[in-house]
Amino acid sequence: MALFPLRGVLVEYGANILGPIPNIVVFQFNPEQMTRTITIPQPPSTAAAQPRTENHAAAAPPSERFEITARFSAADDLGAGGAVSAIPRLFGVGPQIAALEKMVYPPTTPGGLIGAAIDAVGSAISGPSTTPPSQPIPRVPLPRILFIWGPSRVLPVTITSMSITEQKYDVLLNPIQAEVKIGMQVSSQAPTDDAVGAGAYKYTQMIKDTQATLNLAKAVEFALDIIPF
């Protein structure tokens, strides 16, 4: 019996796991490669700016970045026929691209920042008052994203870059084939205000620790063959 192929997934989730999942994108074709960059923070160059740390102590936890290229095509779904082909016939791969784009913008609220700006203008033109008109712009949180790549890599990430190349169109100019380059920043430590992200981070770190231990056992076996005594 053939196994169901695993797919890479990006999941946007709410404040807790019991809430609804507003956004999920399954990679139609898994990227053929992934570039991982681990950045090790360096201490300040000037002696005055250097914090007092012990010898061989890191200035901060290393940070990790991923970069992948996801490809989407409406061809497979269009050939399936029936209800499966209804959405790509209307919009091509537009829904997948729109779902990815939503992951880089803060959640929309009624009025949003435009409403706050209009309120500020209205206060300014309403006439002088004892206090200067002001309308603070609230900070809105970025979407919470999980990057799932197989059973051993489930990580809380922030999407740092996205480059979309629409390659083919249908008669309505809907994209039916697209390539999306996605850059992601992994949290350098478990999030403190996100139980889901913290759990995913600790789970992946546990998998890494287990794999490193297995490698140690293999290295010891080789070491016994190399040491001449």
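Cut-offs and rules
Residues numbered from 1 in each chain as written. Predicted model: local features only at pLDDT ≥ 70, side-chain atom pairs only at ≥ 80, totals over all residues. Heavy atoms only, no water. Buried < 20%, exposed > 50% of the residue type's maximum accessible area, 1.4 Å probe, protein only. Helix = DSSP H or I, 4+ residues; strand = E, 2+ residues; numbered from the N terminus. Arc of directions from axis to C-beta. Contact = heavy atoms within 4.5 Å. Salt bridge = Lys/Arg side-chain N within 4 Å of Asp/Glu carboxyl O. 1 Å grid on protein atoms, 1.4 Å probe; cavity = no way out; pocket = protein on both sides within 12 Å on 5 of 7 lines; lining within 4 Å. Points joined across faces, edges and corners; volume = space filled by probe spheres on them. Nonpolar A, V, L, I, M, F, W, Y, C, P; charged D, E, K, R; others polar. Pairing = 2+ DSSP bridges. Core = buried A, V, L, I, M, F, W, Y, C linked by side-chain atoms within 4.5 Å.

1. Some points on helix α3 (residues 94-102)
Turning to step 1, where the next piece is worked out: Looking at α3, one finds that the buried residues are I97, A99 and L100. Viewed end-on, α3 has its buried residues packed into an arc of 160°, placing them on one side of the element.
Turning to step 2, where the next piece is worked out: Tucked inside the fold, the buried residues of α3 contact β1 (9-13), β2 (23-26), β4 (63-73), β6 (154-169) and β7 (175-186).

2. Focus on unusual backbone geometry
Turning to step 1, where the next piece is worked out: Not every positive phi belongs to a glycine, and L173 is a case in point at roughly 65°.
Turning to step 2, where the next piece is worked out: Accessibility expressed as a relative area gives 63% for L173, which makes it exposed.

3. Here we look at the pattern of salt bridges
Turning to step 1, where the next piece is worked out: Per the stated rule, a full pass over the model turns up 4 salt bridges.
Turning to step 2, where the next piece is worked out: A salt bridge links E64 to R36; the nearest nitrogen and oxygen atoms lie 2.7 Å apart. Here R36 lies in strand β3 (residues 34-39) and E64 lies in strand β4, a separation of 28 residues in the sequence.
Turning to step 3, where the next piece is worked out: Since its relative accessible area comes to 10%, E64 is described here as buried.
Turning to step 4, where the next piece is worked out: Residue R36 is classed as partly exposed on the basis of its relative accessible area of 40%.
Turning to step 5, where the next piece is worked out: As a salt-bridge pair, R144 and D194 come within 3.8 Å of each other at their nearest N and O atoms. Residue R144 is located in strand β5 (residues 144-148), and its partner D194 is located in the loop between β7 and α5 (195-226); the two are separated by 50 residues in the primary sequence.

4. Here we look at the layout of surface pockets
Turning to step 1, where the next piece is worked out: In this structure, the largest pocket spans a volume of roughly 330 Å³.
Turning to step 2, where the next piece is worked out: For the largest pocket, the lining is made up of 16 residues, of which R144, T158, P191, D193 and D194 are closest to its centre.
Turning to step 3, where the next piece is worked out: For the lining of the largest pocket, the element with the highest residue contribution is β6, accounting for 3 residues.
Turning to step 4, where the next piece is worked out: Classifying every residue of the lining of the largest pocket by side-chain character gives 9 nonpolar, 4 polar and 3 charged.

5. Let's talk about the pairing of β4
Turning to step 1, where the next piece is worked out: Where β3 meets β4, 6 bridges bridge the pair, whose relative direction is antiparallel. Note on β4: the bridge partner recorded for R36 is F66.
Turning to step 2, where the next piece is worked out: Bridge count between β4 and β7: 10 bridges; the pairing is antiparallel. When the sheet's bridge partners are listed, S73 is paired in β7 with Q177.

6. Some words on the nonpolar core
One broad trend across soluble globular proteins is that nonpolar side chains are buried collectively.
Turning to step 1, where the next piece is worked out: Membership of the largest hydrophobic core comes to 24 residues, with the highest contact counts inside it found for L10, F27, F72, L100, F147, I182 and M184.
Turning to step 2, where the next piece is worked out: Among the elements that make up this core, the one with the highest residue count is β7 (5 residues).
Turning to step 3, where the next piece is worked out: In contact with L100, other than residues within four places in its own chain, are L10, V25, F72, M162, V180 and I182.
Turning to step 4, where the next piece is worked out: In this structure, Y13, L146, V196 and A200 belong to the second largest nonpolar core, which totals 7 residues.

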